[in-house]
Amino acid sequence: MAASTTKPDELAAPLDLLLTSATRPFGRRMMPNTSWARFGANLAKQPGAVSSRAGTLARELGSIVVGRSHRAPARADKRFSDPAWQGNPLLHRIMQTYLATAETAEGLLADAGLDWRDDDKMRFVVSNLVEFLAPSNNPLISPLGWKALIDTGGLSAVRGARAFTRDILSKPRVPAMVEPDAFAVGETVATTKGAVVAQTSVFELIQYAPQTPTVHTVPLLIVPPVINKYYIIDIAPGHSMIEYFVAQGQQVFTISWRNPQARHRDWGFDAYGAAIIEAMDAVQKIAGTDSTHLLATCSGGILAAMTAAHLAEIGDADRIAGLALAVTVLDQTRAGFASAMMSERAAQAAIRTSAKKGYLDGRAMAEMFAWLRPTDLVWRYWVNNYVQGRPPAPFDVLFWNADTTRMTAALHRDMVLTGLNNSLTIPGAVSMLDTPVDLSKITTDAYVIGGVADHISPWQATYRSARLMGSKDNRYVLSTSGHIAALVNPPGNPKASYRTGPVDVDDPQAWLESAQKFPDSWWPDYARWLSERSGPEIDAPKTLGGEGFPPLGPAPGSYVLEK
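None of the values given here were measured: they were computed from a predicted structure.

(A) Quick peek at the overall build of the chain. Summing up its helical and strand segments, the chain has 20 helices and 17 strands in all. Here the C-alpha coordinates of the chain stretch approximately 80 × 55 × 50 Å along the principal axes. The burial tally for the chain puts 57% of its 563 residues in the buried class. Taking contacts inside the chain between residues at least 6 apart in sequence as the whole, the part at least 24 apart equals 83%. On the chain, roughly 23,200 Å² of surface is accessible, and the fraction owed to carbon and sulfur atoms is 55%. Put simply, the chain has 53 plus and 54 minus side-chain charges, and the middle of one group is 9 Å from the middle of the other.

Given below as structure tokens:
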């Protein structure tokens, strides 16, 4: 099947820093709280602004009733693309009334002048309420729903009801974005040839077969996130990051994390840091080198950075030839909605919840992120699956996104508390393998990637994170697109571009204005960066594995198949 062309804002990729609210039902996140109270109090102090908004809305509604309003949806708004919204007078007025009311709600939120934390919380509530009320979601008036009902002789309603029942009875309780059998791991996704060359209770290590007669001496080890499976970096032929780097003559290995169960509840920072070092040991022995490159993404980037700091602390910094962190937030200062939802009380409640189960369920996380982008991740599929009674399109990235994993209670606790206290910005505030973490002691050359439209790991936060490291050669790369599309970014896309430059100014916006812009994907740039630090070329190995590390089975291994 073809690789996904899904836009970045259509994805609900799990956040590297776990949100405390992922352990709470969606309904509770919408209920009135202190942010609501401050929103109301601030508006009460500005009766003039509220009166002006109300007057403007009343006049606009009058114009809509008599047919004089020119209000129309934004060009990018696809909810009202059906001709009936323009041609039918009643539907046209309903649409215009909704758009005018939604604009008023957004205006009142701006008028309230809330601080950033309350503003982010209330924006979550308001945006979800506004999207919920969109007439395009209503099966009784949706022209798409009526057309499907007529075309199928009523079968669309039966299919929609069946899909709704299936989705509402199991987590995440949101419309399915892809059918569970749309792809097969190892057959249509995660297909790059390789073998599992090591297996522990925490991870499998996969080595990929070379595709060039010679390879670079220093290997590349990829550290994926700890929520969702590793194969986002091997999503489909032609779109696989692993396939691309192998074709560039790199010796590529990746960690495939085990999907933990309740009995693994005690795996925290130290367990995963030790696993990364164990994987590095195996990679270096197989490749016969003293060092390896690390490319880590999302929450895997947090763990890799902490592990690099540990190695620097014990005098083994040279074991890492180059450290690349993609869409990774180490500095949580105002890092978007995640930080807004964090509080000591909420953090402790979330920790208690995961401690009872032994893990944080990735499906709960998927539900949370779906509601961060309700238009694209909830209501789009509500209309398609339930109102029209159609199966969702088979997008490979969305299939991966739905293939969630659990996070151990200990790692969830460590991640939440580190984010709550922004510990990685404070030398020694958190430890890895019994050594204090001081990111400024990381002097390894660094390559840090952010996505300009990333709503999970805001690029400004990833830029600030790059500045925490003490690398003398520290390159920041800002890619087009969001959290996932910034990664799944193969060369050849005419719409893609990236900016790059040294991390030499405090203000991310100032960096943006001075950074050099290039067309296409950042992958070739990183491949060049790698090759400059990967030593001379040698003959490609004829077999995978090595002494003490025999091939245990073909890629993608067994851990990736565990549910």
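(B) Main features of the sheet that holds strand β14 (residues 497-502). Strand order in the open sheet made by the 11 strands is β15-β14-β13-β12-β7-β6-β4-β5-β2-β1-β17, with mixed pairing throughout. Of all strands in the sheet, those bounded by a partner on one side alone are β15 (516-519) and β17 (553-554). Here strand β4 (residues 220-223) runs beside strand β5 (residues 252-257); their pairing, made up of 3 bridges, is parallel. Along β5, the bridge assignment pairs I222 with T254. Across the sheet, helix α18 (residues 459-466) is in contact with β12 (446-451) and β13 (474-479); its angle to β13 comes to roughly 170°.

(C) Local environment of the nonpolar core. Counting residues in hydrophobic clusters, the biggest one holds 124 residues, and the most contacted among them are L205, Y231, W257, W522 and Y526. Counting residues per element, this core draws most heavily on helix α10 (residues 269-287), which supplies 10 residues. The contacts of Y231, once residues within four sequence positions are left out, are V185, V189, A190, F399, W400, D403 and V560. Ranked by size, the runner-up nonpolar core spans 11 residues in total, among them A84, M95, L99 and V130.

(D) Layout of the side chain of S256. Assignment of secondary structure puts S256 in strand β5. Given the relative accessible area of 2%, S256 is considered buried.

(E) How the structure looks around helix α3 (residues 47-65). The end-to-end C-alpha distance of α3 is 27 Å, a good match for the 27 Å that 19 residues give at a rise of 1.5 Å each. Taken residue by residue, α3 has L57, E60 and I64 as its buried positions. Relative to the axis of α3, the buried residues are bounded by an arc of 65° and lie together on one face. More than 90 degrees from the buried face of α3, the exposed residues found are P47, G48, R59 and V65. Tucked into the core, α3 has its buried residues touching α5 (89-112).

(F) Structural view of the pattern of salt bridges. On inspection of all chains with the given rule, the structure shows 25 salt bridges. A salt bridge links D506 to R467; the nearest nitrogen and oxygen atoms lie 2.5 Å apart. Residue D506 is located in the loop between β14 and α19 (508-514), and its partner R467 is located in the loop between α18 and β13; the two are separated by 39 residues in the primary sequence. Relative accessible area serves as the criterion here: at 60%, D506 is assigned to the exposed category. A salt bridge links D525 to R475; the shortest N-O distance between them is 2.9 Å. Remark: R475 occurs in strand β13 and D525 occurs in helix α20 (residues 523-531); sequence separation between them is 50 residues.

(G) Seen up close, the UniProt feature "domain: Poly-beta-hydroxybutyrate polymerase N-terminal" (unreviewed entry) in the chain. Following the UniProt record, the feature "domain: Poly-beta-hydroxybutyrate polymerase N-terminal" (unreviewed entry) maps to residues 77-244 here. For residues 77-244, the helix share is 43%, the strand share is 11%, and the end-to-end C-alpha distance is 35 Å.

(H) Local environment of the packing of aromatic side chains. Here the structure, examined in full by the defined rule, presents 27 aromatic pairs. Judged by centre distance (5.2 Å) and plane angle (65°), the ring pair of W379 and W382 falls under edge-to-face. Pair noted here: W379 and W382 are both in helix α15 (residues 374-387), with a separation of 3 residues, about one helical turn. Owing to a relative accessible area of 8%, W379 belongs among the buried residues under this scheme. A relative accessible area of 23% means that W382 is categorised as partly exposed. Taking the centre distance of 5.2 Å and the plane angle of 75° together, the rings of W382 and Y386 count as edge-to-face. Pair noted here: W382 and Y386 are both in helix α15, with a separation of 4 residues, about one helical turn. On the basis of relative accessible area, Y386 is assigned to the buried category, the value being 11%. Ring pairing ties together the aromatic residues Y244, F245, Y447, W522, W523, Y526 and W529, which thus form one cluster. Between R406 and the ring centre of Y359, over which it is positioned, the NZ or CZ distance is 5.6 Å.

(I) Main features of the domain arrangement of the chain. By the assigned domains, the chain splits into domain 1 (34-137) and domain 2 (195-329 + 419-561). Computed over C-alpha atoms, the centres of domain 1 and domain 2 are 43 Å apart.

(J) Inspection of the environment of Y359 at higher detail. Tracing the sequence through the fold places Y359 in strand β8 (residues 359-360). What makes Y359 partly exposed here is its relative accessible area of 22%. Spatially, the C-alpha atom of Y359 lies 9.8 Å from that of R413, the residues being 54 residues apart in sequence. Not counting residues within four places of it along the chain, the set of residues in contact with Y359 comprises Q261, A262, S354, R406, M407, T408 and A409.

(K) Geometry of the confidence of the model for the chain. Mean pLDDT over the chain works out to 90, with 93% of the residues at or above the 70 mark. A low-confidence stretch, residues 1-19 (pLDDT under 50), is modelled with 82 contacts involving residues beyond four sequence positions or located in other chains. When the criterion is pLDDT under 50, residues 335-341 qualifies, and its contacts beyond four places in sequence or with other chains add up to 28 contacts.

(L) Highlighting α18. α18 sits mainly inside the fold: 6 of its 8 residues count as buried. Along α18, the residues that are buried comprise W459, A461, T462, Y463, S465 and A466. As for α18, its buried residues are in contact with β12, β13 and α19.

About the cut-offs
Residues numbered from 1 in each chain as written. Predicted model: local features only at pLDDT ≥ 70, side-chain atom pairs only at ≥ 80, totals over all residues. Heavy atoms only, no water. Helix = DSSP H or I, 4+ residues; strand = E, 2+ residues; numbered from the N terminus. Buried < 20%, exposed > 50% of the residue type's maximum accessible area, 1.4 Å probe, protein only. Contact = heavy atoms within 4.5 Å. Areas by Shrake-Rupley, 256 points an atom, 1.4 Å probe, with all protein chains shown as cover. Lys, Arg positive; Asp, Glu negative; His and termini not counted. Charge placed at Lys NZ, Arg CZ, Asp CG, Glu CD. Pairing = 2+ DSSP bridges. Axes fitted to C-alpha atoms, helices over the stretch in contact; angles between N-to-C directions. Core = buried A, V, L, I, M, F, W, Y, C linked by side-chain atoms within 4.5 Å. Expected span 1.5 Å × (residues − 1). Arc of directions from axis to C-beta. Salt bridge = Lys/Arg side-chain N within 4 Å of Asp/Glu carboxyl O. UniProt positions renumbered as here; feature names shortened; annotations may be inferred. Phe/Tyr/Trp six-rings, centres within 6.5 Å; stacked < 30°, edge-to-face > 60°. Lys NZ or Arg CZ within 6 Å of the ring centre and 35° of its normal. Domains from an automatic or database assignment. pLDDT = per-residue confidence, 0-100.

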